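# A closer look at the structure
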Amino acid sequence: MAEIADTALSDNRLADAKRLHEARATRTRRFLLSPAILTIGIVGLFPLTITMIYSVLSPGTYGGVTWELSGEAYIQFLFERDIFDDTLTFSGSYLQIYGRSIGLAFVTTIGALLIGFPTAYFIASKPREQRNLWLFLITLPFWTNLLIRTYAMLLIIRDEGIINLSLMGIGIVEQPVSILYTDTAVFMGLIYSYLPFMVLPLYASLEKLDFRLVEAAYDLYANRLQVLRRVIIPMAKPGIVAGCILVFIPGLGAYITPELLGGGKHLMIGNLIALQFGSSRNWPFGSAAALILMAVVMVALLVYIRNAGKEGARHG
Amino acid sequence: MADTTAPLPAAAKRRRPMADLKKQPGFNQIAWGCIFILYAPIIVLIAFSFNDNRSVVLWTEFSFRWYVEAFGNEGIRKATIVSLEVAAVATVFSTIFATMAALATTRTQPFKGQTLAYAIINQPLMIPEIVTAVSTLAFFSLIKQLTGVNGIGYLMLAHTVFCIPFAYMPIRARLEDMNLTMEQAAADLYAPPLQVFRRVTLPLLMPGIVAGAMLAFVVSLDDVIITLLVAGPGETTLPIYILGQIRRGITPEINAVSTLLLGLSIAFVTLFFLLGRRRK
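Here the structure is a predicted model, which means the values were calculated and not measured. (Residues numbered from 1 in each chain as written. Chains lettered and ligands numbered in written order. Predicted model: local features only at pLDDT ≥ 70, side-chain atom pairs only at ≥ 80, totals over all residues. Heavy atoms only, no water.)

## Here we look at the overall build of chain A
Scanning chain A from N- to C-terminus turns up 13 helices and four strands. Relative to the compact-globule value of 20 Å for 316 residues, chain A shows a C-alpha radius of gyration of 27 Å, a clear excess of over 25%. Counting the 316 residues in chain A, one finds 46% classified as buried. Counting only contacts in chain A whose residues sit at least 6 apart along the sequence, the fraction spanning at least 24 positions is 64%. Of the roughly 16,100 Å² of accessible surface on chain A, a fraction of 65% belongs to carbon and sulfur atoms. The averaged location of the 22 negative side-chain charges in chain A is 8 Å from the averaged location of its 25 positive side-chain charges. (Helix = DSSP H or I, 4+ residues; strand = E, 2+ residues; numbered from the N terminus. Rg over C-alpha atoms; globule rule 2.2 N^0.38 Å. Buried < 20%, exposed > 50% of the residue type's maximum accessible area, 1.4 Å probe, protein only. Contact = heavy atoms within 4.5 Å. Areas by Shrake-Rupley, 256 points an atom, 1.4 Å probe, with all protein chains shown as cover. Lys, Arg positive; Asp, Glu negative; His and termini not counted. Charge placed at Lys NZ, Arg CZ, Asp CG, Glu CD.)

As structure tokens, this is what we get:
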């Protein structure tokens with residue numbers, strides 16, 4: 001009897017101690033998390049609400065906003081208002097900028113995938129010691145200044161750049177090929193900027209590839225193309241989706257690349273938004289444009305999450 | 001179908017050694033092409049920064065001329081100091097915050113709000129930088145209007161926010177590699193929690209913290225978009241200065257400054273890479 005009472009007592013005490021321990025752990029965790037969460041929450045996330053509010057206000061004369069409710073920013077996105085009689089006519093010029101940005105980001109994503117996939121596969125098939133060096137070489141540009149890399153791109157593709165000088169030197173062309181300030185230049189710049197974003201997630205999933213499966217496929221008389229299509233690519237699918245998202249989102253919001261390589265005529269969403277907060281002094285319209293960009297990004301992220309969820313369900 | 005009845009020699013020919021099986025035609029060349037694409041422009045830029053010619057087109061002679069001019073340039077010196085100040089402050093705060101957050105989110109039972117905490121910490125990576133930039137600008141201008149307080153502190157705060165996830169990544173990775181046995185042993189020997197942290201956890205975690213700090217520093221030093229919108233007059237950082245110069249026209253001086261900034265980032269990241277390798 002005494003023994004039973006004793007264990008019951010210690011059980012009780014154990015539960016108490018556990019509860020106390022948990023309460024303390026929660027308190028510590030809150031204390032440790034709060035600086036990061038509060039800083040990001042207040043300075044990083046909360047301002048998005050302000051952007052939302054600003055988008056339905058009226059622009060101030062010298063930038064900023066006046067606190068007057070207005071849907072003008074969203075109307076302006078689709079229509080042009082006549083200065084004299086206030087009538088609205090449909091105008092696709094802003095839609096066109098969004099269309100071009102989405103198109104450029106999409107083509108960049110495909111291009112980066114076509115270059116990135118073979119590269120990631122090549123690295124994954126290397127012996128372990130060599131892989132790190134290759135990864136380092138791919139990652140290094142990612143950490144260097146995007147502005148400077150874009151500037152370096154500008155140096156080689158302009159009319160007096162190395163590409164044109166060599167082409168004319170060999171005698172392939174008489175006149176320099178004008179690449180700079182075209183959509184092609186922006187596309188080249190975007191690929192160059194975001195290629196590492198594609199290679200790294202692809203590598204992460206290809207690294208886990210069990211090459212015995214490849215061997216098994218060959219044993220079953222698959223040819224190289226079939227092995228690639230039926231074995232390697234399906235296994236790398238999570239990496240492909242992640243890589244595409246990581247290239248598409250920053251590509252869509254790119255500012256520096258179109259600014260330097262596209263010139264004034266080839267605006268992308270990022271430049272349009274920055275312009276409204278700069279010389280155009282139309283903060284509400286800039287806010288609306290930023291929110292519409294966010295909406296496009298959210299759609300892309302939802303596609304990603306749905307894909308990732310399906311993937312998880314299949315493996316889990 | 002027809003293949004299954006193929007004669008034996010053909011099947012034997014198909015069986016190649018493992019290393020060869022991994023190969024896909026053309027992948028090799030594309031990988032080298034990828035490296036070429038990534039490095040050719042940078043190498044051209046670096047090479048021409050040592051060229052003793054104003055035209056930036058033809059190579060004449062090796063010289064440090066543009067570096068000397070860059071160092072003598074008041075604007076570049078000022079911008080460098082602003083850049084270093086902002087990066088230093090952002091690095092210190094983001095690394096401390098990231099270390100605390102990593103300690104809270106790793107090596108614990110799953111807790112309520114864990115996914116939310118991850119999502120918040122990583123949000124600077126999910127939202128396009130231009131959106132963050134204009135939101136932050138709107139927020140700060142509102143605060144400036146309400147309080148009348150100005151200064152470089154705003155820029156430092158904005159940098160701290162986007163540096164946190166970069167500092168967090170290596171610290172968290174390092175913590176996940178550490179098991180709790182050392183800390184438990186110390187606790188068994190009656191070390192109070194704070195002492196366990198100072199004498200055991202912190203020294204073991206140090207390589208991760210240093211790596212995180214280096215990434216945060218590089219990311220802050222390289223930022224353009226957020227700085228461009230948030231920085232007030234007199235808060236020109238080096239990348240913003242370079243952007244202004246590029247808009248005005250290409251000079252070899254920009255090549256020299258760019259090369260220096262590039263060199264700084266490369267040095268840090270190489271150090272980070274070597275630090276990670278020694279650990280293994």
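## Description of the interface of chain A and chain B
Opposite the 83 residues of chain A that make contact, chain B presents 86 residues. Both faces combined, the contact of chain A with chain B buries some 8,000 Å², and carbon together with sulfur accounts for 79% of it. On the surface where chain A and chain B come into contact, there are one salt bridge. Here chain A is connected to chain B by eight residue pairs in polar contact (both at pLDDT 80 or more). Ranked by residues supplied to the side of chain A that touches chain B, first place goes to helix 1 (residues 2-54) of chain A with 19 residues. For the side of chain A that touches chain B, a count of residues per class yields 64 nonpolar, 10 polar and nine charged. (Buried area = accessible area lost by both parts, 1.4 Å probe. Salt bridge = Lys/Arg side-chain N within 4 Å of Asp/Glu carboxyl O. Polar contact = N/O pair within 3.5 Å; in protein donor to acceptor, adjacent residues only side chain to side chain. Nonpolar A, V, L, I, M, F, W, Y, C, P; charged D, E, K, R; others polar.)

## A closer look at the packing of aromatic side chains
The full count for this structure, using the stated rule, is 26 aromatic pairs over all chains. Residues Phe 79 of chain A and Phe 90 of chain A carry aromatic rings whose centres are separated by 6.1 Å and whose planes lie at 85 degrees to one another, so their mutual orientation is edge-to-face. Linking Phe 79 of chain A in strand 3 (residues 79-81) with Phe 90 of chain A in strand 4 (residues 88-90), this pair joins segments that are 11 residues apart in sequence. For the ring pair Phe 64 of chain B and Tyr 67 of chain B, a centre distance of 6.2 Å and an interplane angle of 70 degrees mean the geometry is edge-to-face. The partly exposed category is assigned to Phe 64 of chain B, whose relative accessible area is 48%. Classification of Tyr 67 of chain B as buried rests on a relative accessible area of 8%. Chaining the aromatic ring pairs together yields one cluster made of Phe 142, Trp 143, Tyr 194 and Phe 197 of chain A together with Phe 166 of chain B. Over the ring of Tyr 192 of chain A we find Arg 149 of chain A, and its NZ or CZ is 5.2 Å from the ring centre. Just above the ring of Tyr 154 of chain B sits the side chain of Lys 144 of chain B; from NZ or CZ to the centre is 4.9 Å. (Phe/Tyr/Trp six-rings, centres within 6.5 Å; stacked < 30°, edge-to-face > 60°. Lys NZ or Arg CZ within 6 Å of the ring centre and 35° of its normal.)

## Description of the nonpolar core
Residues Phe 117, Ile 232 and Ile 273 of chain A together with Ile 130 and Ile 242 of chain B are the most contacted members of the largest nonpolar core, which totals 170 residues. Excluding residues that lie within four positions of it along the chain, Phe 117 of chain A makes contacts with Ala 112, Leu 202, Leu 206, Leu 228, Ile 232, Ile 233, Ala 236 and Ile 240 of chain A together with Phe 27 of chain B. (Core = buried A, V, L, I, M, F, W, Y, C linked by side-chain atoms within 4.5 Å.)

## As for unusual backbone geometry
For Tyr 181 of chain A, which is not a glycine, the phi torsion comes out positive at approximately 65 degrees. We note that Tyr 190 of chain B has phi near 65 degrees; this positive angle belongs to a residue other than glycine.

## Some points on the domain arrangement of chain B
All names here are of chain B. Split into domains, chain B comes out as domain 1 (25-63) and domain 2 (65-279). Placing the centre of domain 1 and that of domain 2 at their C-alpha centroids yields a distance of 29 Å. Listed by partner, the interface residues are 12 residues for domain 1 and 12 residues for domain 2. Summed over both partners, the interface of domain 1 with domain 2 comes to about 1,100 Å²; 60% of that surface belongs to carbon and sulfur atoms. (Domains from an automatic or database assignment.)

## Focus on the pattern of salt bridges
All names here are of chain A. Summed over the entire model, instances satisfying the criterion amount to nine salt bridges over all chains. Across the pair Arg 19 and Asp 16 runs a salt bridge whose closest N-O atoms are separated by 3.4 Å. Pair noted here: Arg 19 and Asp 16 are both in helix 1, with a separation of three residues, about one helical turn. The partly exposed category is assigned to Asp 16, whose relative accessible area is 42%. Taking the shortest distance from any N to any O, the salt bridge between Arg 158 and Glu 160 comes out at 3.2 Å. A relative accessible area of 9% places Arg 158 in the buried class.

## Re the packing of helix 4 (residues 128-143) of chain A against helix 7 (residues 183-206) of chain A
Helix-helix packing is characterised by the crossing angle of the two axes and by the distance between the axes. Residue and element names in this part refer to chain A. At a closest axis distance of 9 Å, the pairing of helix 4 and helix 7 adopts a crossing angle of 150 degrees. In this structure, helix 4 meets helix 7 at a crossing whose hand is left-handed. Two secondary-structure elements touch here, helix 4 through Arg 131, Leu 135, Ile 138, Thr 139 and Phe 142 and helix 7 through Pro 196, Phe 197, Val 199, Leu 200 and Tyr 203. For the contact of helix 4 with helix 7, the class distribution of residues is eight nonpolar, one polar and one charged. (Axes fitted to C-alpha atoms, helices over the stretch in contact; angles between N-to-C directions. Left-handed = near helix turned anticlockwise from the far one by under 90°.)

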